[in-house]
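Breakdown of the fold
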Amino acid sequence: MIYFIGAGPGDPELITVKGKRHIEEADIIIYAGSLVNKALLANIRKGAEIYDSAGMTLEEVLEVMVKGAQAGKKIARVHTGDPSIFGAIREQLDALDKYHIEYEVIPGVSSFLATAAALKKEYTLPGITQTVILTRMEGRTAVPASEKIEALARHQATMIIFLSAGMLVELVDKLQCGYPANTPVAVVYKASWPEQLIVQGTLQDIAEKVQIAGIRKTALVVVGDFLGDEYELSKLYDKHFTHEFRNGSA
Ligand SMILES: C[S@@+](CC[C@H](N)C(=O)[O-])C[C@H]1O[C@@H](n2cnc3c(N)ncnc32)[C@H](O)[C@@H]1O
């Protein structure tokens, strides 16, 4: 059996109880060494085989998984954050289906959630936006034309941009096709790690601030007025508002 596990954003306490248990019980562990915190491997079984997928091809990862599964071993495939977000998990699952190998996916805390926690902000503020866009800039991986940053920016929703901190000058240019120049932006480096760093500014000045801070990778760029101080109070806790669990007082 193969367990695809979201390891969380970095802090070893931000993995699920279930994910941690499966890592500790596994005979074979394949982890994304570039971002998964090695502290998560502290209590693994004696004699467990460990592979860092950072230096492996898809075929090599599959070979370890298929051979291990066919030998009846328990395998933990450990991805950073949550594997459904830029995790390159689908190609692995589809290949395992062809071998009729069983697997389970255990979700994790994505870095975009750890970023909101680090900022102590809420992405969906009443009266500001009710939409969160998770995306990336085009790099070696193409992005469909309808999802170009310029097009998404026109919604002025909360936008979270992965894999793009190294292209910030270009990114803020594109963002300004939709957001006003004074829109707040934060760049969060290694959210939840001890070396976490937060740089805040506006679309006009963030690129320079981030360059001074020396951040080029392992960071998220988050944009939108959710970072500001104006919003409406929620209906959920409004004393005049009745819902399934509470009667309104007026
Ligand atoms: C290949 S993607 C994997 C994302 C992961 N599956 C997740 O849910 O967070 C790697 C990118 O995620 C972001 N990232 C991952 N961990 C991060 C962290 N702790 N803090 C900030 N950004 C992070 C960076 O943009 C990085 O370039």
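- Under an unreviewed UniProt entry, the name given to the protein is Cobalt-precorrin-4 C(11)-methyltransferase, and the organism recorded is Sporotomaculum syntrophicum.
- Quoted straight from UniProt, the Pathway (unreviewed entry) entry for the protein says "Cofactor biosynthesis; adenosylcobalamin biosynthesis."

**What to know about the site of the ligand**
- Around the ligand there are 18 residues in total, and Ile85, Ser110, Ser111, Ala191 and Ala219 lie nearest to it.
- Taking Thr80, its main chain carries an N or O atom lying 3.0 Å from a nitrogen atom of the ligand.
- Within the backbone of Ala191, an N or O atom sits 2.8 Å from a nitrogen atom of the ligand.
- Of the residues contributing to the shell around the ligand, the split by class is eleven nonpolar, five polar and two charged.
- Split by domain, the shell around the ligand shows at least three residues from each of two domains, domain 1 (2-106) and domain 2 (111-227).

**Let's talk about the domain arrangement of the protein**
- Domain assignment breaks the protein into domain 1 (2-106) and domain 2 (111-227).
- Between the C-alpha centres of domain 1 and domain 2 there is a distance of 29 Å.
- Domain 1 puts ten residues into the contact, and the matching count from domain 2 is eleven residues.
- Between domain 1 and domain 2, a total of about 770 Å² is buried, with carbon and sulfur atoms accounting for 78% of that surface.
- Its largest share of buried area at the contact with domain 2, domain 1 owes to Pro9, Ile85 and Phe86, together 61% of the area lost on that side.
- There are zero salt bridges connecting domain 1 and domain 2.

Parameters at a glance
Residues numbered from 1 in each chain as written. Predicted model: local features only at pLDDT ≥ 70, side-chain atom pairs only at ≥ 80, totals over all residues. Heavy atoms only, no water. UniProt positions renumbered as here; feature names shortened; annotations may be inferred. Near = heavy atom within 4 Å. Polar contact = N/O pair within 3.5 Å; in protein donor to acceptor, adjacent residues only side chain to side chain. Nonpolar A, V, L, I, M, F, W, Y, C, P; charged D, E, K, R; others polar. Domains from an automatic or database assignment. Contact = heavy atoms within 4.5 Å. Buried area = accessible area lost by both parts, 1.4 Å probe. Salt bridge = Lys/Arg side-chain N within 4 Å of Asp/Glu carboxyl O.

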